[in-house]
Every structure is written in structure tokens, then in C-alpha cells.
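Residue-level listing of the chains:
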Amino acid sequence: MANSSIPAEVTSSLKGVFTNINTDRLTEIAVAVVLCFIGFLIARFFSNAFIRTIGVRFNAHQQMVWRRGIFYFIFLLFVMASLKEAGFKLSVFLGAAGILTVALGFASQTSASNLISGIFLIGEGSFEVGDTIQITLIRGHTIEGEVISIDLLSVKLLTQDNIYVRLPNEQLIRAPVHNLSKFPIRRIPITLAINFHEDIIKVREVLLDVASKYPLVLADPKPAVTVTAFRESSIELLFAIWCQRENFLKVRDEMQERIRNGFLENQIEIPVPKMGFVDHPLARPLENEDIDQYANEKELKREPGLK
């Protein structure tokens, strides 16, 4: 019974505000609007001031969370004060807001799940704004991009193709997330194949020499060459090098060309599929009936009744 009376109280409060409009009421509403506007400016000023002073020690994600938290907290206080100044009963609206929140919670379970997942993501701190992450969805589709926003319902990414991607927080909780920019260095694995007759020791020396002559490849950790498998017509090698995170794409691209040039200079062959024709001598020359056994009309088998 108490809950059912709340909508009636809200309705009567609204009717009392809009039916008894006079000069004093208009003045109170104008004061409430001005107070709300001043609260917006003050909230924005204090949130930006906090980030410029104390917030400089935080990372980009923490700065965004603190800025929004301080802004909405101060602005909400001014909104409540402006509603009270306009003659609204805050207790009635708070009760109605509680019932509305419960109803929306049951009606939007997916949003509630994303909201809870967003709180866990913010608290865990596995990635931040500005990091590059890679996520593999349930159907095997891989998405990679820079994190531009971490909100309570979703995470926004900007891919290398300048595409804006929105990922629900629930998917980020369920699926493995690869943070590609968590550490300052990255490893570049390069898979190579050589012929069976090639000297593996010589190939290893050539690859290590190519890596040592490239200044963007780190000397520590050291580059490594390992034999990973024997294929049908080749030996598979794994050439692993390390570089700074910001040079990853450039090193991965230019090392392919340097490896190819190093193999050509040292005459190291990479197996390439070939196709050829084998000429076998015939025991006797072909006759016309061998070339086309259906050339003779008498040899055709026809269905009964066909002419």
C-alpha cells in the first residue's frame, strides 16, 4: 500500500507545481534553473581542476573515472537543491526512483549484466584508455584496436582502419582479452621454411646476422632461431626477435625484406611448389579410335527408342 501511494503523491506534487503557477512560482522555477546551470559550471570547474592538480599522477583511465565521478556528484547535489527550490518533494521522487530502478533492473537484465561487468573491468584494471587490445569473440572473429573509452556498459575501440567499435562489457568478461601494449617490448615470431639439403647452422647464422644489423631489433632479449617441425618437403624454423612496442609494425614489415635479401646473398633456398610434365615414350602410335573412341557414330550406345 505504501508503494502504491508513491505515484499518486508524485502526480499530486506535479499538479501542485503546474496548477498553482503565479509570480512567486515562476521566480522559484527561474531560480532553480539558474541554480542548476551554476551547478553544471561548478561541477565542471572542480572536476577539471582536480585532474590538472592531483589527477596528473593518474593514468588516462583513472583520470576519466575521477573526472566523471566528481562532475556527476557535484552536479547531482545542485540538481537536488534546484528541485527543492522549485517546490518538489525529494522524498517522493527518491521513492519513485527506487521503484523505477527495480523495474528497469528486471526488464533489462542484459544491461544490468554489462553494468556489473563494467564495474569489474574498472576495478580489475587489466587494460586502460590508450592501450591496444585484441579480443576473440565466440564465433572466432578477432577485433583489435585502441581503447578510447571504458564505460559502465561498454568499451569503445578504434581499429587501425579508423573504425569505431563498441564492445559490451559482458563479452570482455567472458572472452580472453590480449593487451598488446601492457609492456614496453614485444616479440615478433617469424615462421620460415627451408629445403632439406640446407645447412641449419648456416641458416641460423644468417638470420642472427640479419637481426644484429637491424638497429630496431633489441639485443636483450636475444633473437633466437629454433627448429619447430619437419614438413613433407621442408624444414620449418621459428625466428623470434624483440623490439620496442611502438616499432612493432615497422620491424615486422622490414624484417621480412631483410630476411629475403639475406637468403639470396647466401644462396639459401626456400621450397616453392613446382609443377611439371613427364614425357613417357608410347609403346605404339595412337590411332584415331584411341584418340576419340566416340568419334565413330556406330560405337555410340543409344537408348532404346531413340533415333
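Look a little higher up for the structure.
Note that the coordinates shown come from a computational prediction; the quantities given were computed from them, not determined experimentally.

(A) How the structure looks around the nonpolar core. Counting residues in each nonpolar core, the largest one holds 23 residues, and the members touching the most others are F239, I241, M255 and F263. Breaking this core down by element, the ones donating at least two residues are β6 (185–194), α7 (200–212), β8 (235–244) and α8 (248–265). The next biggest cluster of nonpolar side chains, apart from the first, holds 14 residues, and it includes I133, I143, V147 and I150.

(B) Molecular detail of the pairing of strand β3 (residues 154–158). Counting buried residues in β3 gives four out of five residues, a clear majority hidden from the surface. Pairing analysis gives four bridges linking strand β2 (residues 142–150) to β3, with the strands arranged antiparallel. Directly across from I150, in β3, lies its bridge partner V155. Taking the residues between adjacent antiparallel strands as the criterion, β2 and β3 are bridged by three residues. One ladder, built from five bridges, connects β3 with strand β4 (residues 164–168); its direction is antiparallel. Within the sheet, the bridge partner assigned to V155 lies in β4 and is L167. Connecting β3 to the next strand, β4, in antiparallel fashion are five residues, including N162 with a positive phi near 60°.

(C) Focus on the packing of α7 against α8. Between α7 and α8, the least distance of the axes is 10 Å, while the angle of their chain directions is 135°. Viewed along their axes, α7 and α8 adopt a mutual orientation that is oblique. The two elements α7 and α8 meet at a crossing, and its hand is right-handed. Within the contact between the two elements, α7 uses V203, V206, L207, V210 and A211 and α8 uses M255, R258, I259, G262 and F263. Its residues assigned to classes, the contact of α7 with α8 shows eight nonpolar, one polar and one charged.

(D) Examining the pattern of salt bridges more closely. Evaluation of the coordinates by the stated rule reveals four salt bridges. Between K156 and D151 there is a salt bridge, and its shortest N-O distance comes to 2.7 Å. On the basis of relative accessibility, which here comes to 13%, the residue K156 falls in the buried class. Judged by its relative accessible area of 15%, D151 falls in the buried class.

(E) Structural context of α7. The end-to-end C-alpha separation of α7 is 18 Å, in line with the 18 Å expected for 13 residues at 1.5 Å each. Those residues of α7 that fall on the buried side of the exposure criterion are V203, V206, L207, V210 and A211. Take α7 and look down its axis: the buried residues cluster within an arc of 135°, on one side only. Exposed side of α7, more than 90 degrees from the buried face: I201, E205 and S212 are the residues found there. Between the side-chain oxygen of the N-cap and the backbone nitrogen of I201 there are 3.2 Å, and the N-cap of α7 in question is D199.

(F) Quick look at a nonpolar patch on the surface. Judged by side-chain polarity, V34, F37, I38 and L41 come together as a nonpolar surface patch covering roughly 360 Å² of accessible area. With respect to the helices and strands, V34 occurs in helix α2 (residues 23–53).

(G) Summary view of the sheet that holds β2. Read across the sheet, five strands follow the order β4-β3-β2-β1-β5 without closing on themselves; strand pairing throughout is antiparallel. Both outer strands of the open sheet, β4 and β5 (177–179), are each paired with one neighbouring strand and no more. Strand-to-strand twist across the sheet, computed as the mean angle between neighbouring axes with direction ignored, equals 40°.

(H) The arrangement of the environment of T228 in detail. Mapped onto the elements of the fold, T228 is located in strand β7 (residues 224–230). Separated by 37 residues in sequence, T228 and T191 place their C-alpha atoms 9.1 Å apart. Other than its neighbours up to four places away in sequence, T228 contacts E236, L237 and L238.

(I) Structural context of the packing of aromatic side chains. The full count for this structure, using the stated rule, is six aromatic pairs. With a centroid separation of 5.6 Å and an interplanar angle of 85°, the aromatic rings of F40 and F71 are classed as edge-to-face. A residue pair is termed long-range when its members are at least 10 positions apart, and F40 in helix α2 and F71 in helix α3 (residues 60–85) qualify at 31 residues. Of the residues examined, F71 reaches a relative accessible area of 16% and is grouped as buried. Ring geometry for F71 versus F75: centroids 5.8 Å apart, planes at 10°, classification stacked. Of this pair, F71 and F75 both sit in helix α3, four residues apart, which is roughly one turn of that helix. In this structure F75 comes out as partly exposed when scored by relative accessible area, which is 21%. Chaining the aromatic ring pairs together yields one cluster made of F40, F71, Y72 and F75.

(J) Highlighting the environment of H197. Within the element layout of this structure, H197 appears in the loop between β6 and α7. Here H197 falls in the exposed class, since its relative accessible area comes to 58%. Polar side-chain contacts of H197 include one of 3.4 Å to the side chain of E198.

Cut-offs used in this document
- Residues numbered from 1 in each chain as written.
- Predicted model: local features only at pLDDT ≥ 70, side-chain atom pairs only at ≥ 80, totals over all residues.
- Heavy atoms only, no water.
- Core = buried A, V, L, I, M, F, W, Y, C linked by side-chain atoms within 4.5 Å.
- Buried < 20%, exposed > 50% of the residue type's maximum accessible area, 1.4 Å probe, protein only.
- Helix = DSSP H or I, 4+ residues; strand = E, 2+ residues; numbered from the N terminus.
- Pairing = 2+ DSSP bridges.
- Axes fitted to C-alpha atoms, helices over the stretch in contact; angles between N-to-C directions.
- Parallel < 35°, antiparallel > 145°, perpendicular 65-115°, else oblique.
- Left-handed = near helix turned anticlockwise from the far one by under 90°.
- Contact = heavy atoms within 4.5 Å.
- Nonpolar A, V, L, I, M, F, W, Y, C, P; charged D, E, K, R; others polar.
- Salt bridge = Lys/Arg side-chain N within 4 Å of Asp/Glu carboxyl O.
- Expected span 1.5 Å × (residues − 1).
- Arc of directions from axis to C-beta.
- Polar contact = N/O pair within 3.5 Å; in protein donor to acceptor, adjacent residues only side chain to side chain.
- Patch = residues over 30% accessible without salt bridge, like charges linked within 9 Å, V, L, I, M, F, W, Y side chains within 5 Å.
- Areas by Shrake-Rupley, 256 points an atom, 1.4 Å probe, with all protein chains shown as cover.
- Phe/Tyr/Trp six-rings, centres within 6.5 Å; stacked < 30°, edge-to-face > 60°.

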